[in-house]
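# Descriptive analysis of the structure
Here's the letter readout for the chains.
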Amino acid sequence: MLVVTPVVAHLDHGYTFEECKIALDCGFTSIMFDGSRKPLQENIDETAKIADLAHSVGVSCEGEIGFVGYSGGETSDGTKPEEAARFATETNIDAMAISVGNIHLQQKKEGGLDEDRIKSIETVSDVPLVIHGGSGVPLNQRIKLARNSKICKFNIGTELRMAFGNALRLSVNQDTKRFDRIQILKDTHDPLVQATRKVLSTLKQ
Ligand SMILES: [Zn+2]
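Predicted model only: the values in this text are computed from it and were never measured.

Pairing of strand 5 (residues 129–131) with strand 6 (residues 151–154) involves three bridges; the strand directions are parallel. Residue pairing for strand 6: Leu-129 is matched across the bridge by Ile-151. This β-α-β element, strand 5 to helix 5 (residues 139–148) to strand 6, shows right-handed connectivity.

Set out below in structure tokens:
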């Protein structure tokens, strides 16, 4: 039996209308517009325009409210539930990235998410939630929230890039005479598949 897994080609963090439009023209099937550094009304207006455009070609659109900071870089600005409610209603987005203790590029699973803030957001909006910086969320909390909250996506790029980097380093160091990029990169395939499987199966348990 053929099992079809629904996946999308997603533009993460498009910063302008133009960038999002290019992604749609190139055939992306899901986009994100990140206006979270802008004042609320500007973020709402621009996100609404981009969500409209995406929907006109049957593509889903994610927006961001509050600001998710970067490890060793910009600091976060937690999502205010009343702003999230307005943002969700007035933009008509399909998914909402929120700032609830998550931080981009985290290599260690420390701290965790503010569950009270997540609950407050969930009481004022039905839009599926997205956690950027999901690599830094403690595993038990990730499992619990994947099951029992409106969070529908954890972005885990850092976790997978760490698996890739480790596999690449091993492959290169294994033989100092190695030079063929195809051979070297081939060695990263299985470890990355394993790391991804581990994440997915943990969430499914
Ligand atoms: Zn992000």
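The structure having been displayed, the exposition proceeds.
Before going further, it helps to examine the environment of Leu-40. Within the secondary structure layout, Leu-40 lies in helix 2 (residues 40–56). Taking the number of C-beta atoms within 10 Å as the measure of exposure, Leu-40 has 15 and is therefore partly exposed. Between the C-alpha atom of Leu-40 and that of Ala-9, which follows or precedes it by 31 residues, the distance is 28 Å.

What follows deals with the sheet that holds strand 3 (residues 60–65). Strand order in the open sheet formed by six strands is 1-2-3-4-5-6, and the pairing between neighbours is parallel. Edge positions in the open sheet fall to strand 1 (10–14) and strand 6, since each of these has one partner strand only. Between one strand and the next, the sheet's axes are offset by a mean angle of 25°, whatever the strand orientation. Of the pairings in the sheet, the one linking strand 2 (residues 30–33) to strand 3 comprises four bridges and is parallel in character.

Moving on, we get to the environment of Arg-181. Here Arg-181 shows up in helix 7 (residues 181–204). Residues Arg-181 and Thr-123, 58 residues apart in the sequence, show an inter-C-alpha distance of 51 Å.

Attention shifts here to the nonpolar core. Among the nonpolar cores identified, the biggest contains 35 residues, and Ile-31, Cys-61, Met-96 and Ile-98 are the most heavily contacted of them. Counting residues per element, the ones that place at least two in this core are helix 1 (17–26), strand 2, helix 2, strand 3, helix 3 (81–91), strand 4 (95–98), helix 4 (115–124) and strand 5.

A few words now on helix 2. Given 3.6 residues to a turn, an α-helix orients residues that are three or four positions apart in the same direction. The end-to-end C-alpha distance of helix 2, which contains 17 residues, comes to 24 Å, matching closely the 24 Å that a straight helix rising 1.5 Å per residue would cover. Listed as buried for helix 2 are Asn-43, Ile-44, Thr-47, Ile-50, Ala-51 and Ala-54. Take helix 2 and look down its axis: the buried residues cluster within an arc of 145°, on one side only. Across helix 2 from its buried face, at more than 90 degrees, point the exposed residues Gln-41, Glu-42, Asp-52 and Ser-56. Check the buried side of helix 2 and you find it contacts helix 1, strand 2, strand 3 and helix 3.

Turning our eyes to something else, we now look at the packing of helix 1 against helix 2. Contact geometry of helix 1 with helix 2 gives a least axis separation of 10 Å together with a crossing angle of 15°. With respect to helix 2, the element helix 1 is oriented roughly parallel. Like other packed secondary-structure pairs, helix 1 and helix 2 cross with a definite hand, here right-handed. Along the contact surface, helix 1 presents Phe-17, Cys-20, Lys-21 and Leu-24, while helix 2 presents Glu-46, Lys-49, Ile-50, Leu-53 and Ala-54. Residues of the contact of helix 1 with helix 2, tallied by class, amount to six nonpolar, no polar and three charged.

This paragraph deals with the environment of Thr-75. Here Thr-75 is to be found in the loop between strand 3 and helix 3. The class for Thr-75 is exposed, based on 8 C-beta atoms found within 10 Å. Considering only alpha carbons, one finds Thr-75 and Val-7, 68 residues apart in sequence, at a separation of 31 Å.

Under the domain assignment used here, the chain contains domain 1 (10–155) and domain 2 (157–205). Counting residues at the interface gives nine residues for domain 1 and six residues for domain 2. Its residues placed into classes, the side of domain 1 that touches domain 2 shows four nonpolar, four polar and one charged.

About the thresholds
Residues numbered from 1 in each chain as written. Predicted model: local features only at pLDDT ≥ 70, side-chain atom pairs only at ≥ 80, totals over all residues. Pairing = 2+ DSSP bridges. Helix = DSSP H or I, 4+ residues; strand = E, 2+ residues; numbered from the N terminus. Right-handed = clockwise from strand over helix to strand, strands pointing away. Buried ≥ 20, exposed ≤ 12 C-beta atoms within 10 Å, placed from the backbone. Axes fitted to C-alpha atoms, helices over the stretch in contact; angles between N-to-C directions. Core = buried A, V, L, I, M, F, W, Y, C linked by C-beta atoms within 7 Å. Expected span 1.5 Å × (residues − 1). Arc of directions from axis to C-beta. Contact = placed C-beta atoms within 7 Å. Parallel < 35°, antiparallel > 145°, perpendicular 65-115°, else oblique. Left-handed = near helix turned anticlockwise from the far one by under 90°. Nonpolar A, V, L, I, M, F, W, Y, C, P; charged D, E, K, R; others polar. Domains from an automatic or database assignment.

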